[in-house]
Amino acid sequence: MRVLLSLAYLFLLATCGRTHEKFKLSSGYEIPAIGLGTGTITPNEADEAIANALEIGYRHIDTAFNYRNEAAIGSALKKWFQKGGKRGDLFITTKLPHHANRAESVEKYLTHSLKDLGLEYVDMYLIHMPYGTKEGNNLTEATDNGNVIFESVDHLALWAKMEEQVIAGRAKSIGLSNFNQSQILNIYNNAKIKPSNLEVEAHAYFQQMELREFCREYNIVITAYSPLGSPNDRKRIHKGTEKDVPSLLELREVKEIAEKYNKTAAQILLRRSVQSGLAVIPKSSNKDHQRENFDIFDFNLSEDDVAKMRNLDKGEIGRLFDFLGFFKDLNKNPQYPFPLLT
């Protein structure tokens, strides 16, 4: 009987270790290594998607004002709390939209997000983009003949207001998203509260090795969005031509490694990222896919297999999301963060 209890205890420890792997932030808090990305989850899908994810074991939920699903996510969280779920067990990230990239808008937009989410604080508040556009009425983006109106962003003044949200208790930690190294360093060198998180695109085709080394040096944890290479969004538009990037999930190299570990290609891709120190936020409203993505903590890739995956890196050409298709003349904006390919 004692042996059985001991085995059960060891199993419990092992399970807890797998499902609660976290990275320490410079703010003193911890971010779960895997979270649920919600950028493509509609308000109608959110209730079931969030409920399923929390049931599976997800405790890290990533959203943004721009995703237009914060209220639906808040409704799902409320139901979870009513069933006994604890706020302290969750890590909730949301983001300041680009049309609010001015000091006087930070508190207004975070307060609005907190109201929709039904929370007193978020665990991470990020500046979503380094460039800014003019604000319209009712928290919308102003346009001129259908085109956005760019405004220069004072990153240091903006960051000072982000710091005030931490002091006021509305955010536990603060960080950046889609910023480049020079933009990050400008803020870091002038910050009282250092950015502790950077959310950027990162996957096997686009591994961001230089940026990752930079963030290690400055103790900034990276959260990788599109960690599976966004298999449903592989068309990359550059200078009017479409380039079809083969899905990482179908690559022979990835499938061979998956077979070796008796795992799926998605699990191999996610494990590679987490094993290298990245938090990941794969997006899915499908419960089976959510469960598959979450089940990555009971194995480690060998150094040889990690090296094989490293060889898949295409550098800047592997980037899928440059946002140039969303905003006319964004490439002319001096605060556009990414290299322009010729």
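Everything here concerns the structure above.
Reference entry: report on the structure contained in this document. Numbering of residues begins from 1 in every chain and follows the order in which that chain's sequence is written. The model is predicted, so local features are restricted to residues of pLDDT at least 70 and side-chain atom pairs to those at 80 or more, both for listing and for counting; the totals for chains, interfaces and linings are taken over all residues. Hydrogens and waters are ignored; side-chain quantities use all the structure's heavy atoms.

Concerning the packing of helix H3 (residues 70-82) against helix H4 (residues 106-117)
To obtain an axis, a line is fitted to C-alpha atoms, over the contacting stretch when the element is a helix, and the angle between two such axes runs from 0 to 180 degrees between their N-to-C directions. Only DSSP runs of H or I with at least four residues qualify as helices, and only runs of E with at least two residues qualify as strands; both kinds are numbered from the N terminus onward. Relative to each other, H3 and H4 sit at 40 degrees, their axes nearing to 6 Å. Comparing their axes, H4 and H3 come out oblique. Facing H3, whose interface residues are Glu70, Ala71, Ile73, Gly74 and Leu77, H4 presents Ser113, Asp116 and Leu117. An angle below 35 degrees is read as roughly parallel, one above 145 as roughly antiparallel, one from 65 to 115 as roughly perpendicular, and any other as oblique. Residue contacts are counted whenever heavy atoms from the two residues lie within 4.5 Å of one another.

What to know about the packing of aromatic side chains
Only rings of Phe, Tyr and Trp enter the pairing, Trp through its six-membered ring, and a pair is recorded when the two centres are within 6.5 Å. The plane angle decides the type: under 30 degrees is stacked, over 60 is edge-to-face, the rest tilted. As enumerated under the stated definition, the model contains 14 aromatic pairs in all. Plain terms: the ring middles of Tyr58 and Phe294 are 4.7 Å apart, the flat faces sit at 40 degrees to each other, and that makes the pair tilted. Placement of Tyr58 in the loop between helix H2 (43-56) and strand S4 (60-62) and of Phe294 in helix H10 (residues 287-294) is noted, with a sequence separation of 236 residues between them. Neither Tyr58 nor Phe294 differs from the other in exposure class; each is buried. Here the aromatic rings of Tyr261 and Phe299 are separated by 5.7 Å at their centres, their planes lie at 45 degrees, and the arrangement is tilted. Of this pair, Tyr261 sits in helix H8 (residues 252-261) while Phe299 sits in the loop between H10 and helix H11 (303-310), placing them 38 residues apart in sequence. One aromatic cluster in this structure is built from Phe323, Phe326, Tyr336 and Phe338. Geometry around Tyr121 places Lys172 over its ring, the cationic atom sitting 4.6 Å from the centre. In this scheme, the term charge over a ring applies when either NZ of a lysine or CZ of an arginine sits within 6 Å of the ring centre and within 35 degrees of the ring normal. The ring of Tyr188 carries the charged tip of Lys194 above its face, separated from the ring centre by 4.6 Å. To sort residues, take the accessible area from a 1.4 Å probe on protein chains only and compare it with the maximum for the residue type: under 20% means buried, over 50% means exposed, and anything in between is partly exposed.

So, to be careful, I would describe these as geometric facts and stop short of saying anything about function.
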